[in-house]
Amino acid sequence: MAPRSSGIQFTVRVKEELAALRPAAPAERRALLAALLRFAATLHIGGTVGPRFTLVLATESGGVARLAFWLLHAGYEVRPDLRIRGRGALAPRARYEVVLDERVERVLAHAGVLDGQGRLAYGVPAALVRGREAAACFARGAFLGRGSITAPSRRPHLEVGAPEEPAAHDLAAVLSRLGLPARVGARSRPVPGAAAAVEQTHRVVVKGGEAIGQALVIMGARDAYLAWEDSRIRREVRGEAVRLANADQANLRRSVTAAMAQTAAVEQVVARLGWEALPEELAVVAALRLANPDATLSELGALLDPPRSKGAVLARIRRLEALVKQEADR
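No experiment lies behind these values; they were computed from the predicted model shown. (Residues numbered from 1 in each chain as written. Predicted model: local features only at pLDDT ≥ 70, side-chain atom pairs only at ≥ 80, totals over all residues. Heavy atoms only, no water.)

**Q** Even after reading the chapter, I still don't get the overall build of the protein chain, so can you show me in this structure?
**A** From N to C terminus, the protein chain includes 11 helices and eight strands. Buried residues in the protein chain amount to 42% of all 330 residues. Sequence separation of 24 or more characterises 62% of the internal contacts of the protein chain that already satisfy a separation of 6 or more. Total accessible area on the protein chain stands at roughly 18300 Å², and carbon and sulfur atoms take up 53% of it. (Helix = DSSP H or I, 4+ residues; strand = E, 2+ residues; numbered from the N terminus. Buried < 20%, exposed > 50% of the residue type's maximum accessible area, 1.4 Å probe, protein only. Contact = heavy atoms within 4.5 Å. Areas by Shrake-Rupley, 256 points an atom, 1.4 Å probe, with all protein chains shown as cover.)

Structure, rendered in structure tokens:
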């Protein structure tokens, strides 16, 4: 399975779990709907005939579409249209649209998208996310609207695209209040149909396996959290095992290199001075090193009578190496 495909599948899994939740408190439902509208909906302004405003919430998740329909119907006694657009050459997945053309101004004003004068309001009203549960529902709605998360087996990364920069900073502030390390980033992308033109898109990013696991719990995706933590722990254990194996291999290479250098030094000093010229304690270590070229210093020390420590053996080896240097300097 391709990495991007696995990430999309896990994002779908998380969104389906979150979309199945139905908050009971009005403040939580309001915050959830406000985030969905701000991060996933578009507002169409009509002409002189027909409704003044039409609100369209588009999503690739049937669960998110059903949740938006429920929030609008239960909270404002309206019945939006639910439309399904099938797959096509340019749209590999089906898309769902929740379309509302009645009481739109009331819904948007209550959600903080319009101010008291009916103008578009940027940013998130503080009253909307005053309580911790309301803030968590707002974070859930933002993720349901434009969020994505990598598969548990990949490098941890969670992000939510924002419609404008103030919304990104407000969402990052909400996440920070919830104890999540979030940062705002910007990305340039080409404007469709406009040669050489680019536009800035803003996103809120949470990185780190533990932080993303906490985000899943706060938003309410507990089943996804268990899968995430299981995979994260497995990945960390596997990474630690690889690190230790690499460290052991590096230590082994260093030990072999040092043993070869020590053997060469012993051979040189014996060839130049002879065994009779060596003090007894050095001659014994020299003989052991020649007889056991692959042994570690600790293993050589265990062969001495009485046994000696690794440091004691190393000291004698260095004395032998010093003798080689003295002979070379003459």
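**Q** Help me understand the side chain of arginine 316, please; the structure alone is not making it clear to me.
**A** As for its position among the elements, arginine 316 is in helix 11 (residues 310–329). Excluding residues that lie within four positions of it along the chain, arginine 316 makes contacts with Glu281, Leu282, Val285, Leu304 and Arg308.

**Q** What is the right way to look at the nonpolar core in this model?
**A** One recurring pattern in soluble globular proteins: nonpolar side chains tend to sit buried together. Ranked by size, the top nonpolar core spans 69 residues in total, and within it Val14, Leu37, Phe138 and Ile149 carry the most contacts. Not counting residues up to four positions away in its chain, the partners in contact with leucine 37 are Leu55, Leu57, Val107, Leu108 and Ala111. Leu278, Leu288, Leu304 and Val324 belong to the second-largest nonpolar core, a separate cluster that totals 18 residues. (Core = buried A, V, L, I, M, F, W, Y, C linked by side-chain atoms within 4.5 Å.)

**Q** What is the right way to look at the layout of surface pockets in this model?
**A** Once rolled over the atoms, a probe with the size of a water molecule shows which space is left empty. Here the second largest pocket is characterised by a volume of approximately 260 Å³. Lining of the second largest pocket is provided by 15 residues; of these, Arg254, Ser255, Ala258, Thr296 and Leu297 occupy positions nearest its centre. With eight residues, the single largest contributor to the lining of the second largest pocket is helix 8 (residues 222–273). Here the lining of the second largest pocket is built from residues that sort into six nonpolar, five polar and four charged. (1 Å grid on protein atoms, 1.4 Å probe; cavity = no way out; pocket = protein on both sides within 12 Å on 5 of 7 lines; lining within 4 Å. Points joined across faces, edges and corners; volume = space filled by probe spheres on them. Nonpolar A, V, L, I, M, F, W, Y, C, P; charged D, E, K, R; others polar.)

**Q** For this particular structure, what's the right way to read the pairing of strand 6 (residues 157–162)?
**A** Consecutive side chains along a regular strand alternate between the two faces of the sheet. Among the six residues that make up strand 6, six are buried, leaving the element largely enclosed by the rest of the structure. Every second residue of strand 6 is oriented toward a common face, with His157, Glu159 and Gly161 on one face and Leu158, Val160 and Ala162 on the other, all of them buried. Note that strand 5 (residues 147–149) and strand 6 share three bridges and pair antiparallel. Counterpart to glycine 147 in the pairing with strand 6 is valine 160. (Pairing = 2+ DSSP bridges.)

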